Amino acid sequence: RPAAAPSEPPRQRAGRKPAAPPAAAEVAAPAAPRGGEGWSGFRDFVGERVPTMAPHLETCDGEVDGNRLALAAPAGFRANYLSDAEHLATLEELAATFFGRRMKVAVEARGKRQAAAKAAEQPKQTAAERADAVLKNPAVRAAMDILDGELAEVRERKPRSGGRRP
């Protein structure tokens, strides 16, 4: 027969102190700091830990300066999401783990001019590069297979104007 579970925890012998529980830092010991990897390393680290935050960080520029991490996010939804107090707290915790020191995270909204300037810096894709990128998309491949279709033309997407479509 299995032994009955004791109703009281076992008593300590006289003269011995109970072992102290491990400190919170020991329980959730951070991985070795990878501070040399900078912004791109941190962005990837967050993507592994909090996948829902990754698309928001992909649109940001980040700069590490001492104990400060400055994020420049596109104005609107992305900047609002990252500026949320709960999300900032999560980013600061992850930054402390990643960089091995306490970090202050600041989010600044990039205006449309800054976003347009950044887009202008990006090299334009050729028609062949756009077609190749479209053909690598699994949804496009599936549609082409189902409909027995072929790619005729890939047009560059025009930026939306400020207003909504009717």
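Residues numbered from 1 in each chain as written. Predicted model: local features only at pLDDT ≥ 70, side-chain atom pairs only at ≥ 80, totals over all residues. Heavy atoms only, no water.

Turning our eyes to something else, we now look at the pairing of strand β1 (residues 61-65). In this structure, β1 lies alongside strand β2 (residues 68-74), joined through five bridges in antiparallel fashion. Paired with V64 across the strands is L69, a residue of β2. Taking the residues that link successive antiparallel strands as the turn, the β1-β2 hairpin has two residues, and the phi of G66 there is positive, at about 65 degrees. (Pairing = 2+ DSSP bridges. Helix = DSSP H or I, 4+ residues; strand = E, 2+ residues; numbered from the N terminus.)

Time to look at the nonpolar core. Inside soluble globular proteins, nonpolar side chains tend to come together where they are buried. F42, L57, L82 and L91 are the most contacted members of the largest nonpolar core, which has 20 residues in total. Residue assignment for this core shows that the elements contributing at least two residues are α2 (38-49), β2, α4 (77-83) and α5 (85-99). When residues no more than four places from it in sequence are discounted, the contact partners of F42 are L69, L91, L94, A95, F98 and F99. (Core = buried A, V, L, I, M, F, W, Y, C linked by side-chain atoms within 4.5 Å. Buried < 20%, exposed > 50% of the residue type's maximum accessible area, 1.4 Å probe, protein only. Contact = heavy atoms within 4.5 Å.)

Next up on the list: the environment of R78. Structurally, R78 can be placed in helix α4. Taking the C-alpha atoms as reference points, R78 and C60, 18 residues apart in sequence, are found 8.6 Å from one another. Residues in contact with R78, not counting those within four places in the same chain, are P55, H56, T59 and A73.

With one of ten residues buried, helix α8 (residues 138-147) is to be regarded as a mostly surface element. N-cap assignment for α8: the residue whose side-chain oxygen lies 2.8 Å from the backbone N of A139 is N137. Positive phi shows up at D148, right after α8, with a value of about 50 degrees. (Polar contact = N/O pair within 3.5 Å; in protein donor to acceptor, adjacent residues only side chain to side chain.)

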